[in-house]
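Remarks on the overall topology
Chain residues, written in single-letter form:
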Amino acid sequence: MTEIVLETKALTKYYGGTLAVDHMDLEIPRGCICGFVGRNGAGKTTAIKLMLGLLNPTAGSSKLLGCDSSALTPAIRQRIGYVTEGHRLFRWMSIGGLEKFQRAFFPKQWDDKFFADMIEYFNLPKKKKIKHLSNGQRAQVSLALALAPNPELLIMDDPTLGLDAAIRRQFLEGMIELIMRQGRTVLFSSHILGDVERVSDRIVVIDKGVLRANCSLEQFQKAIKKAILSFTDSVPDQVDIDGVLHCRRSEKGLELTLVGTDDEEIAEWAKSAGAENYHIVQMNLEDQFIEFTAPANYRRLFQWEEK
Amino acid sequence: MRFSALLRKELRECLPWILLAAVVFFAFGGFFLRAAAYFGDRYWRYSRFSPGTTVSPYDLTCYPTLQTAGPWLFFSSIGLGLILGVRHFWIPHFTRTWPFLLHRSVSRKTILAAKLTAGMIAFVISLGALWVGLFWYATRPEVFPIPQAPRVFIEGWIFIMLGLVTYLGTALSALSTANWYTTKIFGLIFATFTTITLLSTVWAIGLIAVSTAILLVQIFDTFLRREF
Amino acid sequence: MPLWIQILPGSDEPIYIQVTEQISKAIARGELSSGDKLPAVRKLALELVINPNTVARAYSRLEKAGLVTTKTGSGTFVADPKLRKTDATDINMLTERMDTLITRGLNLGIEAQDLIRLFESRLTKFNNKSNERKEEK
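Given the structure is predicted, the values throughout are model-derived calculations rather than measurements.

The next subject is the interface of chain A and chain B. Listed per partner, the contact involves 27 residues of chain A and 24 residues of chain B. Summed over both sides, the interface of chain A with chain B buries roughly 2,600 Å², with 64% coming from carbon and sulfur. If you sort the residues of chain A by the area they bury against chain B, R88, W92 and F105 of chain A come out on top, with a joint share of 27%. At the junction of chain A and chain B, the tally comes to one salt bridge.

A common way to express how large an interface is: the accessible area buried when the components associate. Residue and element names in this part refer to chain A. Split by domain assignment, chain A resolves into domain 1 (4-208) and domain 2 (222-293). Summarising the inter-unit geometry, the C-alpha centres of domain 1 and domain 2 are found 38 Å apart. Opposite the eight residues of domain 1 that make contact, domain 2 presents five residues. Of the roughly 620 Å² buried at the junction of domain 1 and domain 2 (both faces included), carbon and sulfur atoms supply 80%. Looking at the side of domain 1 facing domain 2, the largest losses of area belong to R39, L193 and V205, adding up to 63% of the total buried there. There are zero residue pairs in polar contact (both at pLDDT 80 or more) connecting domain 1 and domain 2. Elements represented by at least two residues in the side of domain 1 that touches domain 2 include exactly β3 (33-38), α7 (193-199) and β9 (202-207). At three residues, the largest contribution of residues to the side of domain 1 that touches domain 2 is made by β9. Of the residues belonging to the side of domain 1 that touches domain 2, the class tally is four nonpolar, one polar and three charged.

Moving on: helix α2 (residues 41-48) of chain C. Buried within α2 of chain C we find L44, A45 and L48 of chain C. Buried residues of α2 of chain C, viewed axially, fall in a sector of 100 degrees; they line one side. Residues of α2 of chain C that are buried make contact with α6 (165-179) and α7 of chain A together with α3 (52-64) of chain C. Phi for V49 of chain C, located one or two positions after α2 of chain C, is positive at around 55 degrees.

Let's shift gears to the sheet that holds strand β1 (residues 4-15) of chain A. Residue and element names in this part refer to chain A. Taking strand neighbours across the sheet as the criterion, the four strands line up as β2-β1-β4-β5 in an open arrangement whose pairing is antiparallel. Each edge of the open sheet carries a strand with a single partner, namely β2 (18-29) and β5 (67-68). Contacts from helix α1 (residues 44-51) reach β1, β2 and β4 (59-64), with the element oriented near 60 degrees to β2.

Residues and elements named next belong to chain A. Across the sheet, six strands lie side by side as β6-β7-β8-β3-β9-β10; this open sheet has mixed pairing. Because the sheet does not close on itself, it has two edges, and the strands there are β6 (80-83) and β10 (210-216). The sheet shows a mean angle of 15 degrees between the axes of neighbouring strands, direction not considered. Examined bridge by bridge, β3 and strand β8 (residues 185-189) share four bridges and lie parallel to one another. Bridged to C34 within β8 is L187. The strands touched by helix α10 (residues 285-293) within the sheet are β3, β9 and β10, with β9 carrying the most contacts at an inclination of about 35 degrees.

Right, let's get into the environment of I4 of chain A. Residue and element names in this part refer to chain A. Note that I4 resides in strand β1. Taking the C-alpha atoms as reference points, I4 and G31, separated by 27 residues in sequence, lie 9.6 Å from one another. Discounting chain neighbours no more than four positions away, the residues touching I4 are E27, I28 and P29.

About the thresholds
- Residues numbered from 1 in each chain as written.
- Chains lettered and ligands numbered in written order.
- Predicted model: local features only at pLDDT ≥ 70, side-chain atom pairs only at ≥ 80, totals over all residues.
- Heavy atoms only, no water.
- Contact = heavy atoms within 4.5 Å.
- Buried area = accessible area lost by both parts, 1.4 Å probe.
- Salt bridge = Lys/Arg side-chain N within 4 Å of Asp/Glu carboxyl O.
- Domains from an automatic or database assignment.
- Polar contact = N/O pair within 3.5 Å; in protein donor to acceptor, adjacent residues only side chain to side chain.
- Helix = DSSP H or I, 4+ residues; strand = E, 2+ residues; numbered from the N terminus.
- Nonpolar A, V, L, I, M, F, W, Y, C, P; charged D, E, K, R; others polar.
- Buried < 20%, exposed > 50% of the residue type's maximum accessible area, 1.4 Å probe, protein only.
- Arc of directions from axis to C-beta.
- Pairing = 2+ DSSP bridges.
- Axes fitted to C-alpha atoms, helices over the stretch in contact; angles between N-to-C directions.

Below you can see the structure in the form of structure tokens.
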């Protein structure tokens with residue numbers, strides 16, 4: 001039975017009257033890379049801060065490595081790496097100074113050579129102060145600081161926001177390097193679905209504070225598909241097939257975005273609805289995400305008007 | 001090892017301000033003290049010791065050190081208190097460095113203790129050492145022919161402690177999660193009130209101790225419960 | 001010839017299928033012949049910057065299809081083609097692909113006879129290529 005390293009139960013957070021996280025139930029097993037995706041403001045950072053004990057939940061609970069988030073012991077914190085939103089570090093410190101600072105908290109775990117190799121690879125002078133580094137360079141330092149203690153659980157809050165493709169790739173490489181060590185787990189939030197697709201085992205989708213999906217990446221990709229049906233006569237008014245996310249009508253056609261519907265079910269419904277022809281289209285992850293998190297009466301921003 | 005790393009970080013972070021306060025006090029306070037010793041006669045003449053005014057014996061003994069260097073000590077101390085309070089507890093909100101700092105393998109109490117210890121060291125060791133040095137200098141007969149009362153020495157320390165109280169008050173204001181500005185700066189108001197009322201009271205030390213205790217309890221309570 | 005795999009995240013084909021397909025193609029083209037060792041799961045994962053589980057899943061799919069065999073401790077090797085058994089799912093998949101080809105060809109206006117000739121010429125070419133490789137060995 002795989003151990004659960006991160007667990008939330010009905011985790012809820014209100015900011016005044018706004019609901020930021022809505023009764024989130026999450027279980028992340030050891031050894032996986034979990035991609036945490038959601039639109040801007042969906043509640044990803046809030047959820048992560050709740051998990052790390054930086055925010056207090058309004059209701060519900062959260063546990064990291066078996067320890068309650070509001071009472072994370074120093075011993076538990078030592079096993080958790082955290083890459084903060086925006087990679088905010090002490091601006092006046094030099095990279096070498098930060099290394100000494102971080103190392104003091106991981107006396108037995110710190111890998112000197114690993115940190116030195118990474119800093120050398122990134123071509124960063126140790127004497128340079130954080131305030132003189134670009135965003136990308138700061139992110140690189142942040143990554144090195146988080147990986148060098150060889151954490152059991154690595155939590156990264158939108159680590160590649162605003163970074164160029166090369167640095168994003170370095171972060172992915174770091175994640176893979178870590179996951180190949182025994183018993184490591186990574187949770188990272190991201191907007192770049194291509195990155196999520198590359199490295200994640202699991203995907204967690206959060207939308208307006210609500211957990212909408214929590215499954216393996218394979219299941220998510222298999223579950224959301226498009227069915228395009230064409231009709232000789234009129235398009236049926238009632239679309240009573242299970243799992244419709246969105247439905248777009250044209251004169252002689254119907255475009256359905258479905259979640260969790262079997263190919264056989266679609267075939268059956270197409271037949272019973274009198275469709276002349278139908279295709280099942282596999283979607284790419286980005287389109288799947290957009291359609292999955294779009295509101296019910298979703299329409300495109302700009303529509304083509306026939307003159 | 002962890003505490004010392006935190007303490008070292010907090011000290012190095014505010015070192016420029018500690019040095020600034022020390023330099024201001026030492027330079028100006030020292031300058032005026034030296035001037036008083038040097039010009040002696042002329043200095044006394046244009047002072048409140050002009051003929052015709054009544055002075056107490058106490059005035060005679062405390063005059064040179066406290067009147068010349070004293071104000072500089074007071075203002076450096078209060079200034080340092082405000083600046084350190086802001087640097088330690090307000091700036092991290094702007095630089096968004098709280099999450100990084102708080103995710104340390106130590107208890108939150110330890111993190112707070114490191115900050116407060118750095119503050120205390122700033123006052124006691126830097127300003128305190130300078131005050132001791134300056135006072136010793138003033139007691140040398142070739143500088144001032146009149147002995148300095150021990151009470152003068154203590155009053156200097158009271159100024160330093162008031163700076164510490166200001167630091168704590170600023171800290172509490174910065175940490176306070178109150179939304180209204182009036183409630184938020186309560187800590188600062190409390191510290192200011194304490195400072196003003198205690199400037200020349202016999203009960204100063206006792207009241208400083210009480211205010212410090214109150215502020216410390218509030219600071220710990222807020223920091224441990226607060227969200228970042 | 002070293003194995004080269006190009007991963008396209010953001011395509012409508014999941015990554016593990018892309019890996020499976022590209023290795024299958026390499027085997028079909030003769031670029032990988034029976035007995036060749038596939039890169040270690042971790043090595044490939046690091047090179048392609050993808051999750052090692054994805055590589056593992058691709059390898060197990062290939063093993064199920066009979067294209068590779070895994071020897072614990074040594075690694076994954078391309079299987080002997082004579083030992084490959086084509087089963088119903090393979091035939092189904094081939095049939096699907098053939099249907100796509102045929103419909104496309106017919107829609108483009110190509111005659112059925114031309115299609116057959118085209119198919120035969122391509123088949124000969126591939127066969128010759130893989131025979132050449134075997135002779136090289």
